[in-house]
Amino acid sequence: MSLTEYVEKCFYYNARCLGNCVFIGLVNDQDKWYPEQFCDFLFSSAGYLSEDLAKLLETRSGKGARWLYPDDFEQIFQQEPSSDYRQYIVDVGKYAFYKETGGVGSYERYPGAYLRTTDMAVNTCLSLLRVASEEKAEDIETLMLKDKGYLMGLASHYLLIQLFLRRMHRPNDVVFLPDKRLDSNDTSNRTMLRNYDQSIDDSTRMIYVPEQLHPMWIQDDAGTIATGHLEFMGTTGMMLRVSDQQVPQYFDTIVKNFVSGITY
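A. Structural context of the overall build of the protein chain. Each helix and strand in the protein chain was counted, giving 8 helices and 6 strands. Relative to its 264 residues, the protein chain shows a buried fraction of 52%. Here the protein chain displays about 12,500 Å² of accessible surface, and carbon together with sulfur accounts for 47% of that area.

Structure below.
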């Protein structure tokens, strides 16, 4: 793919995630099943993140990019694609919800839709960052890496989505918080982006993601994982239940660890 196609793909999958979050939040807010705080978070953050995402299309390297719409969008929803980027995000999110739940009328509480679209969004951001680095697209690299507010905004949004979900559906799950920022020069604790992006050729240089952050969320239905300060995957840190009241105060550190650990 060309660089502009990677920009398109990144914008599309982030739009799927943002729009899907807002759409499900709107639907479930009607019966007050989702905590009010969660819906407020979705609606407020989706607005400013969508504006940040739109900057990708305005960079010199992304100028030729276009908004992607699924081929069967008009057929399913009986409406033409929007020319407003905020509405575009809701449209694409509604489509993602439809695909995840199996139908427009399937308004059951469906956390899997959040998690899958969040993973897609993170993966395509990292893929775009890799390609921009390879093609020396400094304007995109600057936007995604040097403008820490941008990447941290995306990371915090997607990690907070997962935190809220696990509080609501998996209160026994555990979050791991390393004691210190991971050393981005330490090759022993890295996992290649190939684990995220299956289309990458073996000969391609990689962006690395810190190994310890992959199992940041540890699934524990039985509540058997020990919490407290301990060693995990060779790194010491705190293990907290996602329902623990301490988690929010540590969240900024979790996001900073995530962003600072991404190296090329």
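B. Spotlight on the nonpolar core. Leu-56, Leu-128 and Ile-161 are the most contacted members of the largest nonpolar core, which totals 70 residues. It is helix H1 (residues 3-29) that contributes the most residues to this core, 13 residues altogether.

C. Structural view of the packing of H1 against helix H2 (residues 36-58). It is at 10 Å that the axes of H1 and H2 come closest, and there the two elements cross at 165°. Of the possible angle classes, the one that applies to H1 and H2 is roughly antiparallel. Crossing handedness for the pair H1 and H2: left-handed. Contact residues: H1 offers Val-7, Cys-10, Phe-11, Asn-14, Leu-18, Cys-21, Val-22, Gly-25, Leu-26 and Asp-29, while H2 offers Cys-39, Leu-42, Phe-43, Ala-46, Leu-49, Ser-50, Leu-53, Ala-54, Leu-56 and Leu-57. When the residues that make up the contact of H1 with H2 are grouped by side-chain class, the tally is 16 nonpolar, 3 polar and 1 charged.

D. Expanded view of the sheet that holds strand E5 (residues 228-232). Across the sheet, 4 strands lie side by side as E4-E1-E6-E5; this open sheet has antiparallel pairing. Edge positions in the sheet fall to strand E4 (217-218) and E5, since each has one partner strand and no second. Where strand E1 (residues 174-178) and E4 come together, 2 bridges link them in antiparallel fashion. Across the sheet, Val-175 pairs through a bridge with Trp-217, a residue of E4. Contacts between helix H8 (residues 247-260) and the sheet are confined to E1, E4 and strand E6 (235-241), with E1 contributing the most and set at about 60° to the helix.

E. Region of the structure containing the packing of H1 against helix H4 (residues 85-101). Where H1 contacts H4, the axes come no closer than 6 Å and their chain directions differ by 80°. Comparing the axis directions of H1 and H4 gives the class roughly perpendicular. Every residue of H4 that contacts H1 at Phe-11, Tyr-12, Ala-15, Arg-16, Leu-18, Gly-19, Asn-20, Phe-23 and Ile-24 is listed here: Tyr-88, Ile-89, Val-90, Val-92, Gly-93, Lys-94, Tyr-95, Ala-96, Phe-97 and Glu-100. Looking at side-chain class alone, the contact of H1 with H4 contains 13 nonpolar, 3 polar and 3 charged residues.

F. Region of the structure containing H2. With 23 residues, H2 extends 34 Å from end C-alpha to end C-alpha; this agrees with the ideal 33 Å at 1.5 Å per step. At Ala-46, H2 shows its largest bend, some 30°.

G. Here's a closer look at empty space enclosed by the protein. In this structure the tally under the stated criterion is 1 cavity of 30 Å³ or more. Here the largest cavity defines a volume of roughly 90 Å³. Lining the largest cavity are 10 residues, with Val-122, Cys-125, Leu-151, Leu-154 and Phe-258 sitting closest to its centre. Every element with two or more residues in the lining of the largest cavity is listed here: helix H5 (111-134) and helix H7 (148-169). Of the residues assigned to the lining of the largest cavity, the class counts are 10 nonpolar, no polar and no charged.

H. Quick look at unusual backbone geometry. One non-glycine residue, Gln-78, adopts positive backbone phi at about 55°. Within the secondary structure layout, Gln-78 lies in the loop between helix H3 (73-77) and H4. Positive phi, normally seen in glycine, also occurs at Lys-136, with a value near 55°. Relative to the helices and strands, Lys-136 is located in the loop between H5 and helix H6 (138-146).

I. Examining the packing of aromatic side chains more closely. What the rule picks out here adds up to 12 aromatic pairs. Aromatic side chains Phe-38 and Phe-41 sit 6.5 Å apart centroid to centroid with 20° between the ring planes, which places their arrangement in the stacked category. With a gap of 3 residues between them, Phe-38 and Phe-41 both fall in helix H2, about one helical turn apart. In terms of burial, Phe-38 and Phe-41 fall into one category: buried. Ring centres of Phe-77 and Tyr-98 lie 6.0 Å apart, and the angle between their planes is 70°; this geometry places the pair in the edge-to-face category. Here Phe-77, found in helix H3, pairs with Tyr-98, found in helix H4; they are 21 residues apart in sequence, far enough to count as distant. Taken together, Phe-11, Trp-67, Tyr-69, Phe-73, Phe-77, Tyr-88 and Tyr-98 form an aromatic cluster joined through their ring pairs. Above the plane of the ring of Phe-164 lies Arg-167, whose end atom (NZ or CZ) is 5.9 Å from the centre.

Criteria and thresholds
Residues numbered from 1 in each chain as written. Predicted model: local features only at pLDDT ≥ 70, side-chain atom pairs only at ≥ 80, totals over all residues. Heavy atoms only, no water. Helix = DSSP H or I, 4+ residues; strand = E, 2+ residues; numbered from the N terminus. Buried < 20%, exposed > 50% of the residue type's maximum accessible area, 1.4 Å probe, protein only. Areas by Shrake-Rupley, 256 points an atom, 1.4 Å probe, with all protein chains shown as cover. Core = buried A, V, L, I, M, F, W, Y, C linked by side-chain atoms within 4.5 Å. Axes fitted to C-alpha atoms, helices over the stretch in contact; angles between N-to-C directions. Parallel < 35°, antiparallel > 145°, perpendicular 65-115°, else oblique. Left-handed = near helix turned anticlockwise from the far one by under 90°. Contact = heavy atoms within 4.5 Å. Nonpolar A, V, L, I, M, F, W, Y, C, P; charged D, E, K, R; others polar. Pairing = 2+ DSSP bridges. Expected span 1.5 Å × (residues − 1). Bend = angle between axes of the 7 residues up to and from the residue. 1 Å grid on protein atoms, 1.4 Å probe; cavity = no way out; pocket = protein on both sides within 12 Å on 5 of 7 lines; lining within 4 Å. Points joined across faces, edges and corners; volume = space filled by probe spheres on them. Phe/Tyr/Trp six-rings, centres within 6.5 Å; stacked < 30°, edge-to-face > 60°. Lys NZ or Arg CZ within 6 Å of the ring centre and 35° of its normal.

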